[in-house]
Amino acid sequence: MESAHAHRKDEHLALAAAQQRHDQLSSSLNDIRLIPNALPESDLADVNLAVADTKFPFTSPFYIEAMTGGSQKTGQINEKLALAAKATGLAMAVGSQSIALKDSSVQASFTIARQANPNGFLIANIGAGHTAKEAQLAIDMIGANALEVHINVAQELIMPEGDRSFIWADELAKIIQTVSVPVIIKEVGFGLSQNNIQSLQELGAQYINLGGRSGTNFAKIEDRRNRNSTAEHAYLYDWGLTTAESLLEAQMLPKRPIIFATGGIQTPLDVLKAQILGAKAVGVAGHFLNTILTADTTGLISEIQQWQNHLAKLYTLVGAHTFDDLEKVEYVLAPNLSNYLNQR
């Protein structure tokens, strides 16, 4: 008999998948229109998609973002995701390991990722509010190459059994300073403002994942988990900043950390647009979850390989050979996004 916490993991998985199938998600990056370059002076053979970062030496600029783990069913999903990551050379983040720090019986649902992909780049995951010691335990559990620390105030407050205290800064600084691998501070779908980014940078954060709205919506998920509720938090379903808005917020800072992005990534073009707006790497969660559930491991491997192939074509289309060339790509913003930028 699995615990209530493990059951919650299964609920999160099922509800996130249902959002992908039924909610007609639309990427906020659709509000960025690229100006075509009919004379790109580029060659597909010269494109290099690798992320030029010694701590995150990704061969592709997108990766499998944190989704799951903590129950038998979610462990099976983690194994399939890890096998797809191994076959395609993608990095992969596991879901929150906080449950495994409390209940050792579910650790296998996370360690399976390392077993399936012994030499891959794995990212451990723990929530803000945990100690630096606990963060290191999460890293050691899966032999991680990096750590995500997720911040999720809105989700916790909506969740009936969620946290109610968010005094995080001091411990975040300790985690960044003391753990054995590089740390990404990541929002879970409500975005980050320039002030948030600057505050995290002052704590020592060198890598920040903006985690914007337009993908998996945890406000909706937590309401739907509460079967006694009739969408009582519906007024918060559009809370926060979108991925596009968060990327523009980061651009406003004269000195900023290395930016990752996730939230509503549906196509290789979304990856390219996020990179053009400054994201060095882009996490994909809900879309790949839907693929693994509907087309299994072989289907996800095929899709990832297609994305890798198409992204190289997109680089060529805009005249880019590497990430550094993308800053030259011109674009215009939809009126709502342009208005947002002007007001900020």
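The preceding data block contains the structure.
As the structure is a computational prediction, the values presented were derived from the model and not from experiment. (Residues numbered from 1 in each chain as written. Predicted model: local features only at pLDDT ≥ 70, side-chain atom pairs only at ≥ 80, totals over all residues. Heavy atoms only, no water.)

Student: Give a detailed account of the overall build of the protein chain, specifying residues and quantitative values.
Tutor: Per the secondary structure count, the protein chain includes 13 helices and ten strands. Expected size for 344 residues packed as a compact globule is a radius of gyration near 20 Å; at 19 Å, the protein chain falls within 12% of this value. Dimensions of the protein chain, computed from the C-alpha atoms along their principal axes, are close to 60 × 45 × 40 Å. Surface exposure of the protein chain reaches about 15,100 Å², of which carbon and sulfur atoms provide 49%. With 26 positive and 35 negative side-chain charges, the protein chain shows a spacing of 2 Å between the two charge centroids. (Helix = DSSP H or I, 4+ residues; strand = E, 2+ residues; numbered from the N terminus. Rg over C-alpha atoms; globule rule 2.2 N^0.38 Å. Areas by Shrake-Rupley, 256 points an atom, 1.4 Å probe, with all protein chains shown as cover. Lys, Arg positive; Asp, Glu negative; His and termini not counted. Charge placed at Lys NZ, Arg CZ, Asp CG, Glu CD.)

Student: Now, about the side chain of Lys273: what can you tell me, with residues and values included?
Tutor: Along the chain, the position of Lys273 falls in helix α11 (residues 268–276). In this structure Lys273 is buried but unpaired, with Asp270 as the nearest side chain of opposite charge at 5.4 Å. Those residues in contact with Lys273 that sit more than four places away from it in its chain are Leu29, Asn30, Ile32 and Leu34. (Buried < 20%, exposed > 50% of the residue type's maximum accessible area, 1.4 Å probe, protein only. Salt bridge = Lys/Arg side-chain N within 4 Å of Asp/Glu carboxyl O. Contact = heavy atoms within 4.5 Å.)

Student: Can you lay out the packing of α11 against helix α12 (residues 286–317) for me, pointing to particular residues and giving the numbers?
Tutor: Close contact between α11 and α12 brings their axes to 9 Å; oriented N to C, the two are set at 50°. On the basis of the axis angle, α11 is oblique to α12. Of the two elements, α11 crosses α12, and the hand of that crossing is right-handed. On α12, the residues touching Pro268, Leu269, Val271, Leu272 and Gln275 of α11 are Trp307, His310, Leu311, Leu314 and Tyr315. When the residues that make up the contact of α11 with α12 are grouped by side-chain class, the tally is eight nonpolar, two polar and no charged. (Axes fitted to C-alpha atoms, helices over the stretch in contact; angles between N-to-C directions. Parallel < 35°, antiparallel > 145°, perpendicular 65-115°, else oblique. Left-handed = near helix turned anticlockwise from the far one by under 90°. Nonpolar A, V, L, I, M, F, W, Y, C, P; charged D, E, K, R; others polar.)

Student: Can you explain α11? Please cite residues and give values.
Tutor: Among the nine residues of α11, eight are classified as buried, and the element is accordingly described as predominantly covered. Pro268, Asp270, Val271, Leu272, Lys273, Ala274, Gln275 and Ile276 are the residues of α11 that are buried. Tucked inside the fold, the buried residues of α11 contact β1 (32–34), β2 (62–64), α10 (243–251), β9 (281–284), α12 and β10 (331–333). After α11 finishes, the residue Gly278 shows a positive phi value of roughly 115°.

Student: Go over the pairing of strand β6 (residues 183–187), please, and point to the residues and values.
Tutor: Most of β6 sits inside the fold, with five of its five residues counted as buried. Burial of the side chains of β6 extends over both faces: Val183, Ile185 and Glu187 are buried on one face and Ile184 and Lys186 on the other. Taken together, the five bridges between strand β5 (residues 146–151) and β6 define a ladder with parallel strand orientation. Within the sheet, the bridge partner assigned to Glu148 lies in β6 and is Ile184. The sheet contact formed by β6 and strand β7 (residues 207–209) spans three bridges and is parallel. For Lys186, the partnering residue across the bridge sits in β7 and is Asn209. Taking the sense of rotation as the criterion, the β-α-β connection linking β6, helix α8 (residues 194–202) and β7 turns out right-handed. (Pairing = 2+ DSSP bridges. Right-handed = clockwise from strand over helix to strand, strands pointing away.)

Student: Please provide a residue-by-residue account of the environment of Leu333, values included.
Tutor: Counting through the fold element by element, Leu333 comes out in strand β10. When neighbours within four sequence positions are excluded, Leu333 is seen to be in contact with Asp31, Ile32, Leu248, Ser338 and Leu341.

Student: Which residues make up the pattern of salt bridges, and what values do they have?
Tutor: The full count for this structure, using the stated rule, is four salt bridges. As a salt-bridge pair, Glu65 and Lys186 come within 3.7 Å of each other at their nearest N and O atoms. With Glu65 in the loop between β2 and α2 (72–88) and Lys186 in strand β6, this pair connects stretches of sequence that are 121 residues apart. The pair formed by Glu65 and Lys186 is uniform in burial state, with each residue classed as buried. When the shortest N-O distance is used, the salt bridge between Glu249 and Arg344 registers 2.6 Å. Within this pair, whereas Glu249 is found in helix α10, its partner Arg344 is found in the segment after α13 (335–343), the two being separated by 95 residues in sequence.

Student: Lay out unusual backbone geometry in plain terms, naming residues and giving numbers.
Tutor: You will see that Glu41, though not glycine, has its phi angle at about 50°, which is positive. One can find Glu41 in the loop between β1 and β2. Even without glycine at this site, Asp296 takes up a positive phi of about 60°. Locating Asp296 in the fold gives a position in helix α12. Residue Asp296 is classed as partly exposed on the basis of its relative accessible area of 36%.

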